[in-house]
Amino acid sequence: IPLAHPIALTHVAIDIEPPSATVPMGAHQAFTGMGRYSDGTALDITTLLMWSSSSVGVATIDATGRATGVSAGTTTITGWLGAVSGTAALTVSSATLERVEIEPATPPALAVGRTLAFHATGVYTDGATVDLTADANLIWASDTPSVASISIATPSAGIATGRSVGTTRIGAVY
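Basis of the calculations
- Residues numbered from 1 in each chain as written.
- Predicted model: local features only at pLDDT ≥ 70, side-chain atom pairs only at ≥ 80, totals over all residues.
- Heavy atoms only, no water.
- Helix = DSSP H or I, 4+ residues; strand = E, 2+ residues; numbered from the N terminus.
- Rg over C-alpha atoms; globule rule 2.2 N^0.38 Å.
- Buried < 20%, exposed > 50% of the residue type's maximum accessible area, 1.4 Å probe, protein only.
- Contact = heavy atoms within 4.5 Å.
- Core = buried A, V, L, I, M, F, W, Y, C linked by side-chain atoms within 4.5 Å.
- Pairing = 2+ DSSP bridges.
- Axes fitted to C-alpha atoms, helices over the stretch in contact; angles between N-to-C directions.
- 1 Å grid on protein atoms, 1.4 Å probe; cavity = no way out; pocket = protein on both sides within 12 Å on 5 of 7 lines; lining within 4 Å.
- Points joined across faces, edges and corners; volume = space filled by probe spheres on them.
- Nonpolar A, V, L, I, M, F, W, Y, C, P; charged D, E, K, R; others polar.
- Polar contact = N/O pair within 3.5 Å; in protein donor to acceptor, adjacent residues only side chain to side chain.

Peer 1: Describe the overall build of the protein, listing the residues and the values that go with them.
Peer 2: Within the protein, the secondary structure is distributed over 0 helices and 18 strands. For the protein, the C-alpha radius of gyration of 21 Å lies well beyond 16 Å, the compact-globule estimate for 174 residues. Each principal axis of the C-alpha distribution contributes one length, and for the protein these read about 70 × 50 × 20 Å. In the protein, buried positions account for 34% of the 174 residues. Counted over contacts in the protein with a minimum sequence separation of 6, partners at least 24 positions apart contribute 49%.

Peer 1: I'd like a rundown of the nonpolar core, residues and numbers included.
Peer 2: Grouped together as the largest cluster of nonpolar side chains are 32 residues, with contacts concentrated most on Ile 16, Phe 31, Trp 51, Ile 77, Leu 90, Phe 118 and Trp 140. Those elements that place two or more of their residues in this core are strand E1 (11-17), strand E2 (20-24), strand E7 (59-61), strand E10 (84-93) and strand E13 (119-124). At 4 residues, E10 tops the list of elements feeding residues into this core.

Peer 1: So what's going on with the sheet that holds strand E12 (residues 115-117)? Residues and values would help.
Peer 2: A sheet is described by the order of its strands in space; here 3 strands give the open sequence E12-E17-E16, paired in antiparallel fashion. With one partner strand each, in any of the chains shown, E12 and strand E16 (148-150) form the two edges of the open sheet. Ignoring strand direction, the axes of neighbouring strands in this sheet form an average angle of 20°. Bridge analysis of E16 against strand E17 (residues 159-162) gives 3 bridges, and the strand direction is antiparallel. Looking across to E17, one finds that Ser 149 is bridged to Thr 161.

Peer 1: Describe the pairing of strand E9 (residues 73-81), listing the residues and the values that go with them.
Peer 2: With 4 bridges connecting them, strand E6 (residues 50-53) and E9 associate as antiparallel partners. Residue pairing across strands places Trp 51 opposite Gly 79, the latter belonging to E9. As judged from the 9 bridges shared by E9 and E10, these two strands associate in the antiparallel manner. By the bridge assignment, Thr 76 is partnered in E10 with Ala 89. Where E9 folds back onto E10 in an antiparallel hairpin, the turn is made up of 2 residues, including Gly 82, whose phi is positive at roughly 65°.

Peer 1: Explain the layout of surface pockets to me, and be specific about the residues and the numbers.
Peer 2: Its volume calculated, the largest pocket comes out at about 390 Å³. If you go around the largest pocket, you meet 20 residues; those closest to its centre are Pro 107, Pro 108, Leu 110, Thr 168 and Ile 170. Split into classes, the residues belonging to the lining of the largest pocket amount to 14 nonpolar, 5 polar and 1 charged.

Peer 1: An account of the sheet that holds E1 is needed here, citing residue identities and associated values.
Peer 2: Pairing between the strands of a sheet comes from backbone hydrogen bonds, and it takes one of two forms, parallel or antiparallel. Pairing is antiparallel in the open sheet, where 3 strands are placed in the order E1-E4-E5. Each of the sheet's edge strands pairs with one partner strand only, and the pair in question is E1 and strand E5 (42-44). With direction set aside, neighbouring strand axes in the sheet form an average angle of 25°. Relative to E5, strand E4 (residues 32-37) runs antiparallel, the two sharing 3 bridges. Its bridge partner lying in E5, Arg 36 is registered against Ala 42.

Peer 1: Go over the side chain of Gln 29 with me, naming the residues and quoting the values.
Peer 2: Its location among the elements puts Gln 29 in strand E3 (residues 28-30). Those residues in contact with Gln 29, other than ones at most four positions away along the chain, are Pro 18, Ala 21, Val 23, Gly 65, Arg 66, Ala 67 and Leu 90.

Peer 1: Would you mind going over the environment of Ser 149 in detail, with residue names and values included?
Peer 2: One can find Ser 149 in strand E16. For Ser 149, a relative accessible area of 18% corresponds to the buried category. In this structure, the C-alpha to C-alpha distance between Ser 149 and Ile 170, residues 21 residues apart in sequence, is 8.6 Å. Residue contacts for Ser 149: discarding those within four places in its chain leaves Ile 159, Ala 160, Thr 161 and Arg 163. A polar atom in the side chain of Ser 149 sits 3.0 Å from the side chain of Arg 163.

See below:
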C-alpha cells in the first residue's frame, strides 16, 4: 500500500561501543557506532562515521574506528555523522608488554599442505591481555620455513602451512 505522505526518519543519536575502555600503550581498541533513529530503529554506522580523539598524544583513531594507545592518559573518542555525534572514554595505561604467549604451545603434527592457526596474546605488566595475532607490529616466524611457513599478512596472520616432512618452531616477536 503506497503511503500518501512519506515518513522522514530523523537521526537522533549515535551510541559508541564500548562506552569506555582501557588499553596499554601500543595496544588497540576497536570502537563501533550505532545510529539511533526517530522510529526507534538502530543501525551499525561504524563505517560511515568520522572518528577523532580529543588527545592524539594519548591515542589516535583511524577511519575504521580502531584506536591505538600512544601514551598514558585519558582521551575522548568521538564518532560523528553530520551534526550528530557520540563519544566514548579511552584510558591508556602505562603498562608495558611483558611477554607474548603463543597458542597452541604444543601444536599437533601438521600434514603437508594442511594449515594450523596460531594465536598470539600479549601479556602486560598490569595483567592485561591483548590479542596480538593480526597486529601489524607482531612478526611471525618459522625456524624452518621449508618445513612449515607462517603467514604474516592479515587476515591470515598466524596461519601455518605444512610444506615438507620435518620439525620446526613457530614464534612471534612484537
